[in-house]
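The chain contents come next:
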Amino acid sequence: MSDVVDGVPSSISRVTGAGRAVGEYDEKRAEAAVRELLLAVGEDPDREGLLETPARVARAYREIFAGLYQEPADVLTTTFDLGHEEMVMVKDIEVYSTCEHHLVPFHGVAHVGYIPGADGRITGLSKLARLVDVYARRPQVQERLTSQVADALVEILQPRGVLVVVECEHLCMSMRGVRKPGSRTVTSAVRGQMRDVATRAEAMSLVLGR
Ligand SMILES: Nc1nc2c(ncn2[C@@H]2O[C@H](COP(=O)(O)OP(=O)(O)OP(=O)(O)O)[C@@H](O)[C@H]2O)c(=O)[nH]1
Ligand SMILES: [Zn+2]
């Protein structure tokens with residue numbers, strides 16, 4: 001049994017975006033790296049305000065990257081056989097992720113919709129939001145986050161169609177670099193029957209409707 005810190009197991013296999021186990025979260029190593037980073041930027045990690053910071057950041061990173069230690073099947077556990085065969089859409093799921101290029105946040109919303117398979121098998125609505133978190137809480141690019149959510153739904157729920165739309169502001173474009181606060185990046189992933197023109201239009205009208 002592993003310890004649980006902030007709801008996250010402390011020592012279970014870490015998986016990459018490709019689902020390959022590569023290691024475990026090493027909190028002591030993260031703490032040492034943050035101390036080193038403070039030294040590198042010319043700060044004094046031994047001044048009073050920073051004394052606890054390396055350990056605090058190391059704990060925060062465990063939470064921010066918790067998705068590295070989760071699989072989609074861990075959260076898409078509860079499924080119901082309701083015989084519902086029409087589209088289901090959960091809109092405006094808050095997304096907080098970390099840009100893998102600069103390790104700064106990107107944040108916004110995800111809209112996740114699917115058309116259940118012929119068996120009418122559906123999942124709990126909250127599980128769609130949990131699935132987004134599994135992939136958001138990793139070093140990411142928005143395009144991969146979007147397609148990973150769609151592909152996990154296809155694999156586990158075997159629905160007739162899936163549409164995932166993600167709209168985010170990237171702080172690497174706002175607070176530094178090109179410095180364009182307010183610009184939003186929109187990505188989508190469409191699978192199965194959602195590719196049909198009329199079905200896709202219905203899904204997009206649900207996404208855009210306020
Ligand atoms: N496609 C994609 N690009 C991203 C994402 N997050 C950040 N980027 C981009 O990754 C690119 C990295 O470019 P580089 O030229 O290697 O890095 P850089 O010199 O810091 O670039 P600038 O951000 O333009 O200053 C930038 O254009 C970012 O805007 C993402 O989720 N998807
Ligand atoms: Zn970035």
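Residues numbered from 1 in each chain as written. Chains lettered and ligands numbered in written order. Predicted model: local features only at pLDDT ≥ 70, side-chain atom pairs only at ≥ 80, totals over all residues.

**Q** What should I look at first to understand the overall build of the protein in this one?
**A** Summing up its helical and strand segments, the protein has 7 helices and 11 strands in all. The proportion of buried residues among the 210 residues of the protein is 29%. (Helix = DSSP H or I, 4+ residues; strand = E, 2+ residues; numbered from the N terminus. Buried ≥ 20, exposed ≤ 12 C-beta atoms within 10 Å, placed from the backbone.)

**Q** What should I look at first to understand the site of ligand 1 in this one?
**A** Every residue near ligand 1 is listed here: Cys-99, His-101, Val-141, Gln-142, Glu-143, His-170, Cys-172, Met-173, Gly-177 and Val-178. Residues of the shell around ligand 1, tallied by class, amount to 5 nonpolar, 4 polar and 1 charged. (Near = placed C-beta within 6 Å. Nonpolar A, V, L, I, M, F, W, Y, C, P; charged D, E, K, R; others polar.)

**Q** Hey, could you run me through unusual backbone geometry in this one?
**A** Unusually for a residue other than glycine, Leu-103 sits at a positive phi of about 55 degrees. Following the sequence through the fold, Leu-103 ends up in the loop between β6 (88-99) and β7 (105-115). Classification of Leu-103 by C-beta neighbours within 10 Å gives exposed; the count is 11.

**Q** Is there a simple way to think about the domain arrangement of the protein in this case?
**A** Many structure descriptions define interface size as the accessible area lost when the parts assemble. When cut into domains, the protein gives domain 1 (4-69) and domain 2 (78-208). Facing the 6 residues of domain 1 at the interface are 9 residues of domain 2. When the residues that make up the side of domain 1 that touches domain 2 are grouped by side-chain class, the tally is 4 nonpolar, 2 polar and no charged. (Domains from an automatic or database assignment. Contact = placed C-beta atoms within 7 Å.)

**Q** Explain the packing of helix α4 (residues 125-136) against helix α5 (residues 142-157) to me, please; I cannot follow it from the model alone.
**A** The description of two helices packed together rests on the angle between their axes and the distance between the axes. Between α4 and α5, whose axes approach to 9 Å, the crossing angle comes to 135 degrees. Here α4 lies oblique to α5, going by the angle between them. Judged by the sense of rotation from one axis to the other, the crossing of α4 with α5 is right-handed. Residue-level contacts link Leu-131, Val-132, Tyr-135 and Ala-136 of α4 to Leu-145, Gln-148, Val-149 and Ala-152 of α5. (Axes fitted to C-alpha atoms, helices over the stretch in contact; angles between N-to-C directions. Parallel < 35°, antiparallel > 145°, perpendicular 65-115°, else oblique. Left-handed = near helix turned anticlockwise from the far one by under 90°.)

**Q** What is the right way to read the nonpolar core from this model?
**A** It is characteristic of soluble globular proteins that their nonpolar side chains tend to be buried jointly. Of all hydrophobic cores here, the largest spans 31 residues; its most connected members are Leu-131, Val-132, Val-149 and Val-164. Val-149 has contacts with Val-112, Leu-131, Val-132, Tyr-135 and Val-164, leaving out every residue within four places of it along the chain. (Core = buried A, V, L, I, M, F, W, Y, C linked by C-beta atoms within 7 Å.)

**Q** What is the right way to read the pairing of β6 from this model?
**A** Residues in a regular strand project their side chains so that they alternate between the two faces of the sheet. The pairing of β6 with β7 spans 9 bridges and is classified as antiparallel. Each bridged residue has a counterpart across the sheet, and for Met-89 the counterpart in β7 is Gly-113. Two successive antiparallel strands, β6 and β7, enclose a turn made up of 5 residues, where Leu-103 displays a positive phi of approximately 55 degrees. Inspection of the sheet shows β6 paired to strand β9 (residues 139-140) by 2 bridges, in the parallel sense. What sits directly across from Thr-98, in β9, is Pro-139. (Pairing = 2+ DSSP bridges.)

**Q** Would you explain the pairing of strand β10 (residues 161-170) in this entry?
**A** For β10, a buried count of 8 out of 10 residues is recorded, marking the element as mostly surrounded by other parts of the structure. Sheet topology note: the β7/β10 ladder contains 10 bridges and is antiparallel. Within β10, the residue paired with Phe-106 across the bridge is His-170. Examined bridge by bridge, β10 and strand β11 (residues 185-192) share 8 bridges and lie antiparallel to one another. Bridging from a neighbouring strand, Gly-161 pairs with Gly-192 of β11.

**Q** Can you help me understand α5 in this one?
**A** The periodicity of an α-helix, 3.6 residues per turn, causes residues three or four places apart in sequence to face the same way. A rise of 1.5 Å per residue sets the reference length of α5, with its 16 residues, at 22 Å; its end C-alpha atoms lie 23 Å apart and thus fit the reference within 8%. If you check which residues of α5 are buried, you get Gln-142, Leu-145, Thr-146, Gln-148, Val-149, Ala-150, Ala-152, Leu-153 and Leu-157. Positive phi shows up at Gln-158, right after α5, with a value of about 45 degrees. (Expected span 1.5 Å × (residues − 1).)

**Q** Please explain the environment of Gly-182 as it appears in this structure.
**A** Along the chain, Gly-182 falls in the loop between α6 (171-174) and β11. Along the sequence, Gly-182 and Leu-171 sit 11 residues apart, while their C-alpha atoms lie 9.5 Å from each other.

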